Amino acid sequence: MNVLHVVGARPNFMKAAPVLAALAKFAGVRQTLVHTGQHYDASMSKTFFQELEMPDADVNLEVGSGSHAQQTAAIISRLEPVVTEHNPEVVLVYGDVNSTLASALVCSKLEIPVAHVEAGLRSRDRSMPEEINRLLTDQISELLFTPSKDADENLRLEGIAGEKIHLVGNVMIDTLVRLLSRAEHEHSQSSSERYVLVTLHRPSNVDDLPWLRRMLAALSHLSDDLAVVFPVHPRTRQHIADLGLSTLGNGRLRLMEPKPYLEFLALERGAALVITDSGGIQEETTFLGIPCVTVRENTERPVTVTMGTNVLVGRDITRLNKEVGRILSGKVKKSSAVPLWDGHAGDRIAAILTSVYKH
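**Topic: the overall build of the protein**
For the protein, the count of helices and strands is 15 helices and 13 strands. Dimensions of the protein, computed from the C-alpha atoms along their principal axes, are close to 60 × 40 × 40 Å. A buried classification covers 55% of the 359 residues belonging to the protein. Taking the intrachain contacts of the protein between residues at least 6 apart in sequence as the baseline, contacts between residues at least 24 apart amount to 69%. Summed over its atoms, the accessible surface of the protein is roughly 15,000 Å², and 52% of this surface lies on carbon and sulfur atoms. For the protein, the distance from the average site of its 37 positive side-chain charges to the average site of its 43 negative ones is 5 Å.

**Some words on the pattern of salt bridges**
Scanning all chains against the criterion turns up 25 salt bridges. One salt bridge in this structure joins Asp 347 and Lys 25, with 3.3 Å as the shortest N-O distance. Placement of Asp 347 in helix α15 (residues 345–356) and of Lys 25 in the loop between α1 (10–23) and β2 (30–35) is noted, with a sequence separation of 322 residues between them. Looking at Lys 25, the relative accessible area reads 63%, which means it is exposed.

**Side note on the sheet that holds strand β3 (residues 59–60)**
Across the sheet, which stays open at both edges, the 7 strands sit in the order β3-β2-β1-β4-β5-β6-β7 with parallel pairing between neighbours. Each edge of the open sheet is held by one strand with a lone partner, namely β3 and β7 (165–167). Sheet topology places strand β4 (residues 90–94) next to strand β5 (residues 114–117); 4 bridges connect them, and they run parallel. When the bridges of β5 are listed, Tyr 94 appears paired with Val 117. Here helix α3 (residues 68–86) sits on the sheet and contacts β1 (2–7), β2 and β3; the angle it forms with β2, its principal contact strand, is near 170°.

**A few points about the packing of aromatic side chains**
All told, the structure shown has 2 aromatic pairs when counted by the stated rule. Between Phe 13 and Phe 48, the aromatic rings sit 6.3 Å apart at their centres with planes inclined by 70°, giving edge-to-face as the arrangement. On the criterion of sequence distance, the pair formed by Phe 13 in helix α1 and Phe 48 in helix α2 (residues 42–51) is long-range, its members being 35 residues apart. Of the two residues, Phe 13 and Phe 48, both sit in the buried class. A ring pair is formed by Phe 13 and Phe 49, whose centres lie 4.9 Å apart and whose planes are at 70°; its orientation type is edge-to-face.

**Details of the sheet that holds strand β11 (residues 273–276)**
The strand order across the open sheet built from 6 strands is β10-β9-β8-β11-β12-β13, with neighbouring strands paired in parallel fashion. The two strands at the open ends of the sheet, each matched to only one other strand, are β10 (253–256) and β13 (310–312). The mean angle between the axes of side-by-side strands here comes to 20°, regardless of whether they run parallel or antiparallel. Pairing of β11 with strand β12 (residues 292–294), which is carried by 3 bridges, proceeds in the parallel orientation. Bridging across to β12, Val 274 finds its partner in Cys 292. Where helix α11 (residues 261–270) meets the sheet, it contacts β8 (195–198), β9 (227–231) and β11, and its direction lies at approximately 135° from that of β8. Here helix α14 (residues 317–328) sits on the sheet in contact with β11, β12 and β13, set at roughly 165° to β11.

**Looking at the nonpolar core**
Met 54, Leu 92, Phe 145, Tyr 261, Ile 349 and Leu 353 are the most contacted members of the largest nonpolar core, which has 53 residues in total. With 8 residues, the single largest contributor to this core is α1. If you look at the next biggest cluster of nonpolar residues, it comprises 29 residues, including Val 196, Val 206, Trp 211 and Val 295.

About the cut-offs
- Residues numbered from 1 in each chain as written.
- Predicted model: local features only at pLDDT ≥ 70, side-chain atom pairs only at ≥ 80, totals over all residues.
- Heavy atoms only, no water.
- Helix = DSSP H or I, 4+ residues; strand = E, 2+ residues; numbered from the N terminus.
- Buried < 20%, exposed > 50% of the residue type's maximum accessible area, 1.4 Å probe, protein only.
- Contact = heavy atoms within 4.5 Å.
- Areas by Shrake-Rupley, 256 points an atom, 1.4 Å probe, with all protein chains shown as cover.
- Lys, Arg positive; Asp, Glu negative; His and termini not counted.
- Charge placed at Lys NZ, Arg CZ, Asp CG, Glu CD.
- Salt bridge = Lys/Arg side-chain N within 4 Å of Asp/Glu carboxyl O.
- Pairing = 2+ DSSP bridges.
- Axes fitted to C-alpha atoms, helices over the stretch in contact; angles between N-to-C directions.
- Phe/Tyr/Trp six-rings, centres within 6.5 Å; stacked < 30°, edge-to-face > 60°.
- Core = buried A, V, L, I, M, F, W, Y, C linked by side-chain atoms within 4.5 Å.

Below, the structure written as structure tokens:
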């Protein structure tokens, strides 16, 4: 079986790693890994690949940054000859980034089957570029590997044939399960200090400078009570500089460089709570049982709210402060185990693929 995987951004790496490893256990499976370079920092990308024990990419398209249209077009034009040359039986795409949709479009035109890992997630907010990527990718995929039952239902409501839908669990949780003990061992906390972990990167949040100023003020105020650890995304850091607040960080509000996977996972595991606008972190905190406050009006991962520790507060800073206060006072939302979030999603995907593409 000849399989081609396409990744483009760091969250894709954590999703692809368990599938690559699971397929490697089968004799006669040839795998090609293509990195589009959508989010490409040489040192950080290398560190992620090493920590996740992933093979180096066979091809790097080096598309770099740009507008959504520019980036998508660059991936399409550069990926097509790669896919034509390798002639895979199936192409695996991951998540909801521009690389996901661009790759699916290329393969659809070439009549090569696409398998979408993390299919069926919906925020129902079409102002989000990721939502458009999810919707369109699912419509042109032959195999849809879903992380949760709500995703299955979304696909059925959109007219996707049931035989294409496979509930396999959460591949990102596979990576967490495999590497959590290593993260805790290699990045153990030197003190028992309580802290809040913060991540903010969505343009709808960080490009709104008045909102970002209010958010930073809230975090500064929170740091009077306990430490606030904030690995700052490059986009967010630039806007903090635009506001003239680069020196806002102090001994209690710690503005840091982005962290590699293992170090961030250790920070996440030890946090009293997490404030984020990231989808993946909503899932990780639910699995870990860490309280999570999400500064978004919606989520494509509702299972983290219905079964997990996640609470949506929108962009309302007053509501954020109230929820944080509630959690820190000990009123913590309990989580339940999400079905199939057990570290074996990659194995299930590999089993299905090797069954469908036997030759």
